[in-house]
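Observations on the model geometry
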Amino acid sequence: VVAEIAVSLALLVGAGLLLRTFHKMRHAEIGIESQNVLTMGISLPDTKYGTPVARRQFFDRLLARLRSAPGIQVASASTLIPLEGGSNGYITVPGRDDGAIKNQLFEYNYVTQDYFRAFGIPLLRGRNFSSRDEDQAAQVAVKISEVFSTPNRPADALKDHSWTAIINRSMANLVWPNQDPIGRTFVIGGALPVTVIGVVGDVKVWGIRRGGAPQAYFPFPGALAGRGSRQLVVKTAGPPMMLLGAIRSHVNALDPTLAVILPRTMEDVISDGMSDTSLQTWLLSVFAALAVLLASVGLYSVMAFLVSQRRHEIGIRMALGARGTDLLRLVFAHALKLIGIGVLAGIVAALWLTRLIQSLLFGVAANDVPTFAAVSILLTIVALAACCFPAWRAMRVNPIVALRYE
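Now for a description of the structure that goes with this document.

Time to look at a nonpolar patch on the surface. Residues Leu279, Trp282, Leu283, Val286, Phe287, Leu290, Leu293 and Val297 make up a contiguous nonpolar surface patch of about 790 Å² in total accessible area. Inspection of the secondary structure puts Val286 in helix H9 (residues 275-309). You can call Val286 partly exposed: its relative accessible area is 35%.

Have a look at this one:
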């Protein structure tokens, strides 16, 4: 019984910590407004969209159609969406030889002007991208495409080109602490200078558990020099999935050979990011519930056996004037001894178990005192409840029959 109680408590503590983790993740600050946001991928084949100009024309036409469609408030395109990872690289800052910057990976995302509106990302300082910024990025994209298609390309092929960027708060604080980053310049790829025009709030890139990372946003046409799928992000006035058919129609009207890839609401993206925690919580809760059931049945059986074995003693006590409360105290005192030892052993086991699941926790400590206390109290109540029937039987023992019992 002691072993069953200890195992039950350890599993219940693990399940409780994962349940609290699930709750914390559900209400974690991601940096975006996820309500009524629909995301999907679009991949343009090279046979038809082999140049940056052709790719930009398609997305410009598609976004123009979507922005005028009923029920769609904002339509934008990007290379990535929050929580699902991204591309990154190193930067250099003219006049700075800082090891913290040199060894830091910066996240990159290429977005259209309405990307921040679609996700509700606040603009903290400076300005948003303009059509001029996008045209400039498109010209650089064409140049990059030409450079990389040329063998033995010169190292300074992009020295006369540049584009703009909007950075997040973390990058601003890391690279230019206590300074105004607007108008500052950094270099990506060792060759392309980038001018900061704005600062936005932090958004989680690599999942809910991980903190914010320094990130730079570039004009979307700058990404069209390369291949790969692009993300379409739509903010709707009502339920997003209701407009999926209309969005597919607009895509097919421009090119019947194209299809949207993995359409999901942003709520679904968040749920997908929590799927591993959901499964682990469910499994551990099931095992904990079974362990509690076994411990309760085991404790009930032991106490029933105790009452049966001590029936003669109980008869003598009752003949000498013992009251019902005295018999209750007799049964529950023995039960509390077993429960107390089991709970103490369970706390030790739980401290060891939580070390194994510590990497799965978010926003809660592995030795969270409220969780340990709540589980200990709950298990004690359940265990005492399992003793009620044997205690009731002890109170109803007939002293005459008990004195004759061998």
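Within the chain, Leu83 stands out as a residue other than glycine whose phi angle is a positive 75°. Of note, Leu83 is situated in the loop between strand S2 (72-78) and strand S3 (87-89). What makes Leu83 buried here is its relative accessible area of 12%. Residues other than glycine seldom take positive phi values, yet Leu262 does so here, at roughly 50°. Secondary-structure assignment places Leu262 in strand S12 (residues 261-265).

On to the side chain of Asn168. Structurally, Asn168 can be placed in strand S7 (residues 163-168). Accessibility expressed as a relative area gives 0% for Asn168, which makes it buried. Of the polar contacts made by the side chain of Asn168, one reaches the side chain of Asp202; its length is 3.3 Å. Ignoring sequence-local partners within four residues, the contact set of Asn168 consists of Val199, Val200, Gly201, Asp202, Ala213, Pro214 and Gln215.

A word on the packing of aromatic side chains. Centre distance and the angle of the planes are the two values used to describe a pair of aromatic rings. One pass over the structure, following the stated rule, counts 12 aromatic pairs. An angle of 50° between the planes, with centres 5.2 Å apart, marks the rings of Tyr110 and Phe218 as tilted. Taken together, the residues Tyr110 in strand S5 (residues 106-111) and Phe218 in strand S10 (residues 215-219) connect sequence positions 108 residues apart. The residues Tyr110 and Phe218 share a single accessibility class, namely buried. Arranged with centres 5.7 Å apart and planes meeting at 85°, the rings of Tyr115 and Phe116 form a pair that is edge-to-face. With a relative accessible area of 6%, Phe116 lands in the buried category. Counting every residue linked through ring pairs, the aromatic cluster contains Tyr49, Phe58, Phe59 and Phe220.

What counts, and where the lines are drawn
Residues numbered from 1 in each chain as written. Predicted model: local features only at pLDDT ≥ 70, side-chain atom pairs only at ≥ 80, totals over all residues. Heavy atoms only, no water. Patch = residues over 30% accessible without salt bridge, like charges linked within 9 Å, V, L, I, M, F, W, Y side chains within 5 Å. Areas by Shrake-Rupley, 256 points an atom, 1.4 Å probe, with all protein chains shown as cover. Salt bridge = Lys/Arg side-chain N within 4 Å of Asp/Glu carboxyl O. Helix = DSSP H or I, 4+ residues; strand = E, 2+ residues; numbered from the N terminus. Buried < 20%, exposed > 50% of the residue type's maximum accessible area, 1.4 Å probe, protein only. Polar contact = N/O pair within 3.5 Å; in protein donor to acceptor, adjacent residues only side chain to side chain. Contact = heavy atoms within 4.5 Å. Phe/Tyr/Trp six-rings, centres within 6.5 Å; stacked < 30°, edge-to-face > 60°.

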